[in-house]
Each structure stands twice: as C-alpha cells, then as structure tokens.
Amino acid sequence: MSDAELVLRSTRVITPEGTRAASVAVSGGTITAVLPHDAPVPEGARLEDLGDHVLLPGLVDTHVHVNDPGRTEWEGFWTATRAAAAGGITTLVDMPLNSLPPTTTVAHLRTKQQVAADKAHIDVGFWGGALPDNLKDLRPLHEAGVFGFKAFLSPSGVDEFPHLERDPLARTMAEIAAFDGLLIVHAEDPHLLASAPQRPGPKYADFLASRPRDAEDSAIAQLIREAKALNARVHVLHLSSSDALPMIAEARAEGVRITVETCPHYLTLTAEEVPDGASEFKCCPPIREAANQDLLWQALADGTIDCVVTDHSPSTADLKTDDFATAWGGISGLQLSLAAVWTEARGRGHGLEDVVRWMSARTSALVGLDDRKGAIAPGRDADFAVVAPDETFTVDPASLQHRNRVTAYAGRTLYGVVKSTWLRGQRIVADGEFTEPKGRLLTRTN
C-alpha cells in the first residue's frame, strides 16, 4: 500500500470473507488493499485508528422518496442525504414519484439531476417510472442511466403517477424485458383492496383490515406469471405479507428472475404495538402482526428475501392526521434504519455481517453497483460507516436530519451508534458535524 493516502485501522473490519482485524488502505477515493491490522503505514499516509469500533461498508438504500423538486416541503436532497449520512448510508436510489415532475421522461430525469447535483451529501442514483402512457419513454430513460423502473399495481396515492392494470403491465414488462431492464413493483391487487372493509377513523385494526395480505399475495402471483412468461427481471418492493413467501421461493426454484425486499419497519414494529391514532406508523402495505414478522425474519435468514431498504417516504406533519384512512402513508427511517435493523437482528442471533449483506452487498447487487459499492474490498469505493454496535441511544425526533421530524421510532432505545461516515475516503459526518455536500450523481453502467 505504498501509494496509500489514508489508512483506516480497526480490530473489527467487515469484509466479504468475514470480520477481522485489518488496515484498509485508500488512494484516490478507492480501496487499494485490505491488509493485516499491524501492517506498516506508508510514509505520507494518514492513519485513522478506529480501535474496536466496527468498520463496515457504507449502506446502499435503493428505496428512498426524496420528493424533490415539487414537494420539497415534504423532503429534499439536502435533508434526506444528511439523514442518510448520519445513519451510515453512503448511496441512495431515489424513487420516481412524489416529486413534481415524476421521473417518467428523460427531460424529467434531467430536472431532478440538476436539483440534486449540489445538494447531495452522499451518492445518489435514480429510478425511472412506468406509467400507462409512457411506454415510449422507457428505453430512452434506460439509456440515460436510470437503474430500473417502478410501477404500481394499485393506486399510488398521487394523481400524476397512475397504476398499471393487467394489460399495461404486460406491455410494460415486455418492453423492459426487451433491453433486460429491471421492473420494480408495488404489488397490491386494487380489486382486493377495493373489496376490503373501509372504516375511517383512528383504529389501527381498521386500517390493517383495509390492506389485507391477500391483496399482496394476488398481485405477487400476477407478477410471477408475467415474469415467467417473458423471462423478465422483476423486484417486489416492501414485502410485508409472509403468506407470499412460499410462492416466491417456488418461482425462484423454477427459474423466475424475481428478487424481493422488505423494510426495517416490517422487521422491527408490529401491529399489536401501534397505538390508535398514531399515523406515524401508517404505510402501505401495512405493518402486520408479530407472527408475520417472525416469518419475514426467517425468509431473510434463508435468502427468500434478498435485502432490506427503508422506503423512506416522508410528508409534512399536518398530513399525519389521527385518521388512518386519510393520513399520508409513509415511514421516515433513513437515519435510523441501520440501528433499528441491528437492534432486532442481534436479539434474533444475527450478526452485523448479516446486516451488511442485507443492507449493502445485496442492495448494491440489485442495482448493478456491486463493482463499486457494498463491500470493503480492493477496487471498491472507499465508502464506510464506523459503528459502535454495543452502544445504545434513545430516539429523539429533534436529533433527526430529515426535514419533517416525524418518526415511528420516537422513544425507542436502539443499539448501534454511527460514529462517522466516509464517502470515497472523505469523512462526511462525525459526531453530528457534517461537511459540505460531496455526493455524486450515479447512473447505471451495465
């Protein structure tokens, strides 16, 4: 490592081969070597001795609603990327909706990139959107570098992003499969949602009944059928229904190209604990019962669920009314996702290596960034989180960096304090102090 500019040393470095004491050499923003802990530091290189704090690869969150431009009172690139950095996330991929305009044409993508360019504290990529009327825009968006295309099978909640019925879904999937793109899907069956009991008011049990598991299961079954027929790549977003897991596993065994994510709130919060009127817990699909959560964890352990992402979907506080039927659905979790998942994971016998696999390695692979992100290995970007895994903190909304400090985790004590976050070998946050934005805009390269 004679050309190293920086060496980060820790007794616990999480690498693809396991956790070990190591010195990580960095030059030009790239990891150049992972060497023994006591390797000599080259002349001119700066040593950062992290002691027993864990050095792990920066997390990659592939499901974030930044809402910028257009709904910047809900969130924005400046605040969202600061929250992400504070939580050990060094790369995010922004969803195409809730911003105005949505990312459904190349022109709209350029607008969003221009807004993000000087505000991003971490690296940022973009999903495109698949609508009933933008089939002609999908290939140009792919060529412009979006990482894939999001579609809804049920109403999205915003008028400018309509959902795909059966025939438009088939046409969209065929078009994306023609260039081997990735279709990512909010899978709930609109007909089963419409036939579910709709009782407005503050009771969480009523809201839960309005978004039944079979709506997810039916939509995922449809997605599997279409993907199988077209040999298409599909990804199920924010899985909450454990009932869908057997069919997903069976489809995989048959060669269907399907991947699946879930979210921290499904893994750490349960329907039984949601207070009536507390719509900071509202999301779609909903947080379900503890027994369902246990099966999601089992599916993570056996690989049926590939990865964990936040689905950070904030709004202004006034939209979080005490009526679950009309309150905005979305949970803000960027800053807390690592700690929330680690707290539950450690209690279930998992290690930080598992968390890194779910929240960094596999998310990087999902979007084709695993040649640059997601691991502490030579040739990868020098993106790191430094974590004290056995330290705890109690969530105070006032300490959060996202724009509207509403959180379902308020008052919870979590394990895993992020001491600092590094982007391409530069420390971008430490002990609550941030540098100026150093993030880059990413595009798909394969």
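Residues numbered from 1 in each chain as written. Predicted model: local features only at pLDDT ≥ 70, side-chain atom pairs only at ≥ 80, totals over all residues. Heavy atoms only, no water.

Engineer: Mind showing me how you'd approach the packing of helix 3 (residues 135-143) against helix 4 (residues 166-178) here?
Structural biologist: When two helices pack together, their arrangement is given by the angle between the helix axes and the distance between those axes. Following both chains from N to C, one finds helix 3 and helix 4 inclined at 25 degrees, their axes separated by 10 Å at the closest point. As judged from the angle between their axes, helix 3 and helix 4 are roughly parallel. As helix 3 runs across helix 4, the sense of the crossing is right-handed. Packed against helix 3, whose contacting residues are L135, L138 and R139, the element helix 4 presents R171, T172, E175, I176 and A178 at the interface. Split into classes, the residues belonging to the contact of helix 3 with helix 4 amount to four nonpolar, one polar and three charged. (Axes fitted to C-alpha atoms, helices over the stretch in contact; angles between N-to-C directions. Helix = DSSP H or I, 4+ residues; strand = E, 2+ residues; numbered from the N terminus. Parallel < 35°, antiparallel > 145°, perpendicular 65-115°, else oblique. Left-handed = near helix turned anticlockwise from the far one by under 90°. Contact = heavy atoms within 4.5 Å. Nonpolar A, V, L, I, M, F, W, Y, C, P; charged D, E, K, R; others polar.)

Engineer: What is the right way to look at the environment of L59 in this model?
Structural biologist: Mapped onto the secondary structure, L59 falls in strand 6 (residues 59-64). When the C-alpha atoms of L59 and A84 are compared, they prove to be 9.0 Å apart, with 25 residues separating the residues in sequence. L59 has contacts with G87, G88, I89, T90, T91, L338, M359 and S360, leaving out every residue within four places of it along the chain.

Engineer: Explanation requested: the sheet that holds strand 10 (residues 149-152) in the structure shown.
Structural biologist: Strands in a sheet are paired, the pairing made by backbone hydrogen bonds, and the direction either parallel or antiparallel. The six strands are arranged 9-10-11-12-13-14 in an open sheet whose pairing can be described as parallel. Taken across any chain shown, the strands that pair with only one partner, and hence form the sheet edges, are strand 9 (128-129) and strand 14 (307-308). Pairing between strand 11 (residues 182-186) and strand 12 (residues 233-236): four bridges, direction parallel. Bridge pairing links V185 to V236 in strand 12. (Pairing = 2+ DSSP bridges.)

Engineer: Can you walk me through the nonpolar core in this structure?
Structural biologist: Grouped burial of nonpolar side chains is what soluble globular proteins tend to show. In terms of nonpolar packing, the biggest core is built from 98 residues, with L56, F149, L183, L239 and V355 touching the most fellow members. Among the elements that make up this core, the one with the highest residue count is helix 11 (residues 337-347) (six residues). What L239 contacts, discounting residues up to four positions off in sequence, is E216, I220, A244, L245, I248, V260, E261, T262, Y266, L296 and I305. Ranked by size, the runner-up nonpolar core spans 18 residues in total, among them M95, L97, L182 and I184. (Core = buried A, V, L, I, M, F, W, Y, C linked by side-chain atoms within 4.5 Å. Buried < 20%, exposed > 50% of the residue type's maximum accessible area, 1.4 Å probe, protein only.)

Engineer: Would you take a moment to explain the pattern of salt bridges for this structure?
Structural biologist: A side chain of one charge can pair with a side chain of the opposite charge when the charged atoms of the two come close. On inspection of all chains with the given rule, the structure shows 25 salt bridges. The residue R213 makes a salt bridge to D243 at a minimum N-O spacing of 3.2 Å. Pair noted here: R213 is in helix 7 (residues 213-230) and D243 is in the loop between strand 12 and helix 8 (245-253), with a separation of 30 residues, a long-range link. Looking at D243, the relative accessible area reads 42%, which means it is partly exposed. Among the ionic contacts, a cluster of salt bridges with common partners joins D123, K373, D381, D383 and R424. (Salt bridge = Lys/Arg side-chain N within 4 Å of Asp/Glu carboxyl O.)

Engineer: Is there a simple way to think about the packing of helix 7 against helix 8 in this case?
Structural biologist: Orientation of helix 7 relative to helix 8, taken along the N-to-C sense of each, is 10 degrees, at an axis distance of 10 Å. On the basis of the axis angle, helix 7 is roughly parallel to helix 8. Between helix 7, through D217, I220, A221 and I224, and helix 8, the contact on the second element is made entirely by M247, I248 and A251.

Engineer: When you look at the pairing of strand 7 (residues 89-94) in this model, what are you seeing that I'm missing?
Structural biologist: In terms of residue burial, strand 7 counts as a mostly covered element, since six of its six residues are buried. Alignment of strand 6 against strand 7, held across four bridges, turns out to be parallel. Note on strand 7: the bridge partner recorded for V64 is D94. Pairing analysis gives four bridges linking strand 7 to strand 8 (residues 123-126), with the strands arranged parallel. In the sheet register, T91 faces strand 8, and the bridge partner there is D123.

Taken by themselves, the reported measurements are silent on function.
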